[in-house]
Amino acid sequence: LIRPVDRKIFEERVFPREYSVMVYTENGHVYAKDEKGSIICQDSPTACLQESVNYVVQKGGGRILVRSGTYNPQQTVNIPDGAKLIIEGEGDGTVFRYTDSFTLFSHNPNNPTWSSVLLFRNFKVDRSGSGTNRANIIYVRYAFYDEYDNITIVDDYREETEDVGLYGRNSIISIVRNCRIFNKASAVWFHSYLVHIYGNYARNTAFIGLAAGHLLPASVFGFKQPPDYPLDGLVVIENNTCIDCGRKDEAYAVDNESRNPYAYGTGIIKNNMLTTRNYPTNTAFGCIGTRKCVIENNTVKGTILNAIINAPFYGTRQDIFVFKNNLVEIGYRNNVTPMFLQVAKLIIEDNYIDINVELETNLTFLLFTGYANHVSLRNNIIRFMFPSNYRTEFGIAIQDDKPENKDLEFVNIENNKIIFSAGRPLSISFWGTYPTPPLVKITGNKFYSGSSTDILLALRNNHTVRAIVSDNTLDGGISGLNIFASSDVTPTLIFVNMNMKIVSLSNNVNVRYMKMNSGTATFSGDGTTTQFLIPHGLIRKPSKVLVTPGSAHASGNFYVTADDTYIYVNYSTAPPAGTNNVVLYWYAE
């Protein structure tokens, strides 16, 4: 998000004066000296780092250069509010080595001004041998800008939530790039208005690999919020590599926390790699409490325990979720839904998903979405294989199943190749009574199941549903379309187009086919109106329209146009005033 040339300009403006302090080792001693060469501290690594921070802050900002060498701090270095500070090493040759349970660098002001600018660069933190001594390595709250670049963190694996490599809460801008983090419970975890995590490498994390969320509301979590900044921010997690990450939680996540009743902000997870070598991942991707979430161009290979995607509903549902151009080739080891998505608008397009279930179990769903009002599955290749004699019950299940959210408008299943070793590949359930009849399109797909089954449309209330079911290929044990309705309702299913065999039909369903429509439209002229709109009721703009006058006052000169909703009758001279005096007969197909 920040180009190198912009970064240079940014640093020159933030750090107009170079009040540099150098920390170095010599003959077994540690020293800190200012830009004039005067020694300001010696022998205690913690004291020299702290004195260097204090000195630079008093001078209005600057750079602390920590030369190559091994430093053994004994406690946290605290950075005050308002600091303009760069702490920079000389790559992995600058090593902070300790095993006790303390944060190395901390910024946590009691009365923040959100004016601190903090850059941490080019050093290594080595806590190998720390055992059960957990530690958040760098923890920054309430900064204006905090950046982490080319930092290596090596630790011992442990299952403690407060054991994070790079950790931040409620800053304005947080940037993490080109860092390498090994054996932490969580590698990177931030909540800021803007978070950009890119080009990092994480390995063997107990809980989270690389995750971020937006500003956390003070009313729920108690963190202070920066004034004049809304909760809606942006998180971008891109071009990272995670190996054996998220063993008990997510490898990559945009997460506003599960106990948060609100959904807000935009999250993007793209161009990342996730692989498992020695340990499986619990969940590959999470989008928790995020209004807009895009997951695209990622590669997932290995073993998943719980889910490929988890986008649950905790309070306010997400507006839109996009899963696009991802490559997923995994073994799967659980009996829960691998893709669980409770969002308003769901777009799953152009993915290759190959799943081999490694447990002998009957799985209810491959993909489940509830609460949706728009669903689009297009151009995906999905292969879902079970051990012999086991199956999924419903495969891809799309439902509008909550009384407070009966607003499903559109389902598009188009040009997919869906292969199941056993079980029903697709079921769509309509529960509500809708102000506008929803449309389901199942077109151009290839469905395969190794067991005897069908494609299910379930109608569970007194509603009308429109359907286009055409040009699909059914293979294996799939026999056709099953139209099911609850026994106490009388729904209507209108087929706009359909060429799939109906193999099961509940006798209380009213089935109609709609390729054309016609009727009589009656209007009252007022002597000035020249255009009259006739709703034609077809699914899209008709290719053929015929309108003829049915009354004397309707017989003037006119021409006709149409769009997806209306036929427009345009008179050259307005019909005279009258009551129900303009009668038009119309036909459209």
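Everything discussed here concerns the structure shown above.
Residues numbered from 1 in each chain as written. Predicted model: local features only at pLDDT ≥ 70, side-chain atom pairs only at ≥ 80, totals over all residues. Heavy atoms only, no water.

1. Quick notes on the overall build of the protein chain
Here is step 1 of the chain: Helix and strand content of the protein chain: three helices and 50 strands.
Here is step 2 of the chain: A compact globule built from 589 residues should have a C-alpha radius of gyration of about 25 Å, whereas the protein chain, at 31 Å, is more than 25% larger.
Here is step 3 of the chain: For the protein chain, the C-alpha atoms occupy an extent of roughly 105 × 65 × 40 Å along the three principal directions.
Here is step 4 of the chain: By the burial criterion, 56% of the 589 residues in the protein chain qualify as buried.
Here is step 5 of the chain: Within the protein chain, contacts between residues separated by at least 24 positions form 75% of all contacts whose residues are at least 6 apart in sequence.
Here is step 6 of the chain: In the structure as shown, the protein chain presents an accessible area of about 23000 Å², 46% of it carried by carbon and sulfur atoms. (Helix = DSSP H or I, 4+ residues; strand = E, 2+ residues; numbered from the N terminus. Rg over C-alpha atoms; globule rule 2.2 N^0.38 Å. Buried < 20%, exposed > 50% of the residue type's maximum accessible area, 1.4 Å probe, protein only. Contact = heavy atoms within 4.5 Å. Areas by Shrake-Rupley, 256 points an atom, 1.4 Å probe, with all protein chains shown as cover.)

2. With respect to the side chain of Arg127
Here is step 1 of the chain: Here Arg127 shows up in the loop between strand S10 (117-126) and strand S11 (138-141).
Here is step 2 of the chain: A polar side-chain atom of Arg127 sits 2.8 Å from the main-chain carbonyl oxygen of Asp100. (Polar contact = N/O pair within 3.5 Å; in protein donor to acceptor, adjacent residues only side chain to side chain.)

3. Remarks on the layout of surface pockets
Here is step 1 of the chain: Estimated volume of the largest pocket: approximately 420 Å³.
Here is step 2 of the chain: Lining the largest pocket are 24 residues, with Trp189, Ile208, Asp249, Asp255 and Glu257 sitting closest to its centre.
Here is step 3 of the chain: The set of elements that each furnish at least two residues to the lining of the largest pocket consists of strand S13 (164-177), strand S15 (186-198), strand S20 (250-255), strand S23 (281-288) and strand S25 (299-311).
Here is step 4 of the chain: In terms of residue class, the lining of the largest pocket is made up of 10 nonpolar, seven polar and seven charged. (1 Å grid on protein atoms, 1.4 Å probe; cavity = no way out; pocket = protein on both sides within 12 Å on 5 of 7 lines; lining within 4 Å. Points joined across faces, edges and corners; volume = space filled by probe spheres on them. Nonpolar A, V, L, I, M, F, W, Y, C, P; charged D, E, K, R; others polar.)

4. Considerations on the state of the cysteines
Here is step 1 of the chain: Following the criterion strictly, the structure yields one disulfide and no others.
Here is step 2 of the chain: Here Cys287 is linked by a disulfide to Cys293, with a sulfur-sulfur distance of 1.8 Å. There is no split in this pair, since Cys287 and Cys293 are both buried.
Here is step 3 of the chain: Residue Cys179 stays outside any disulfide, its sulfur separated by 13 Å from that of Cys242, the closest cysteine.
Here is step 4 of the chain: On the basis of relative accessibility, which here comes to 1%, the residue Cys179 falls in the buried class. (Disulfide = S-S within 2.5 Å.)

5. Notes on helix H2 (residues 45-58)
Here is step 1 of the chain: Taking 1.5 Å as the rise per residue, H2 with 14 residues should run 20 Å; its terminal C-alpha atoms sit 20 Å apart, in good agreement.
Here is step 2 of the chain: All buried positions along H2 are accounted for by Pro45, Thr46, Cys48, Leu49, Gln50, Ser52, Val53, Tyr55 and Val56.
Here is step 3 of the chain: Of the residues one or two after H2, Gly60 is the one with positive phi, at around 100°. (Expected span 1.5 Å × (residues − 1).)

6. Looking at the pairing of strand S4 (residues 62-66)
Here is step 1 of the chain: As paired elements, strand S1 (residues 21-26) and S4 share three bridges and run parallel to each other. Across the sheet, the residue bridging to Val23 is Val66, located in S4.
Here is step 2 of the chain: Summarising the sheet, S4 and strand S7 (residues 84-88) pair through four bridges and their orientation is parallel. Residue pairing in the sheet places Arg63 in a bridge with Ile86 of S7. (Pairing = 2+ DSSP bridges.)

7. Some details on the packing of aromatic side chains
Here is step 1 of the chain: What the rule picks out here adds up to 25 aromatic pairs.
Here is step 2 of the chain: Considering the side-chain rings of Phe96 and Phe123, the 5.3 Å spacing of their centres and the 85° angle between planes classify their relative orientation as edge-to-face. On the criterion of sequence distance, the pair formed by Phe96 in strand S8 (residues 94-97) and Phe123 in strand S10 is long-range, its members being 27 residues apart. Exposure class is identical for Phe96 and Phe123. Each is buried.
Here is step 3 of the chain: Pairing Tyr193 with Tyr229 gives two aromatic rings, centres 5.2 Å apart and planes at 70°, and the pair type is edge-to-face. Taken together, the positions of Tyr193 in strand S15 and Tyr229 in the loop between helix H3 (218-221) and strand S18 (234-238) put the pair 36 residues apart, joining distant regions of the chain.
Here is step 4 of the chain: Taking the relative accessible area as the measure of exposure, Tyr193 reaches 25% and is therefore partly exposed.
Here is step 5 of the chain: Following the ring pairs from residue to residue traces out a cluster consisting of Tyr71, Phe96, Phe105, Phe120, Phe123, Tyr148 and Phe190. (Phe/Tyr/Trp six-rings, centres within 6.5 Å; stacked < 30°, edge-to-face > 60°.)

8. Re the nonpolar core
Side chains that are nonpolar tend, in soluble globular proteins, to be buried together.
Here is step 1 of the chain: The biggest cluster of nonpolar side chains holds 120 residues, and the ones touching the most others in it are Phe120 and Phe321.
Here is step 2 of the chain: Core analysis: the next-biggest nonpolar cluster, separate from the first, contains 24 residues, Ile172, Ile175, Leu216 and Tyr264 among them. (Core = buried A, V, L, I, M, F, W, Y, C linked by side-chain atoms within 4.5 Å.)

9. Considerations on the sheet that holds strand S48 (residues 558-562)
Here is step 1 of the chain: Strands sit in the order S46-S49-S48 across an open sheet of three strands; the sheet is antiparallel. Of all strands in the sheet, those with a lone pairing partner are strand S46 (531-535) and S48, marking the two edges. The average angle at which neighbouring strand axes cross in this sheet is 20°, direction not considered.
Here is step 2 of the chain: Summarising the sheet, S46 and strand S49 (residues 566-571) pair through five bridges and their orientation is antiparallel. Counted as the bridge partner of Phe532 is Val569 from S49. (Axes fitted to C-alpha atoms, helices over the stretch in contact; angles between N-to-C directions.)

10. Digging into the sheet that holds strand S47 (residues 545-549)
Here is step 1 of the chain: In spatial order, the strands read S45-S50-S47; together these three strands make up an open sheet with antiparallel pairing. Lying at the two open borders of the sheet, with one neighbouring strand each, are strand S45 (517-523) and S47. The average undirected angle you get between the axes of adjacent strands in this sheet is 20°.
Here is step 2 of the chain: Pairing of S47 with strand S50 (residues 582-588) involves five bridges; the strand directions are antiparallel. Across the sheet, Leu546 pairs through a bridge with Tyr587, a residue of S50.

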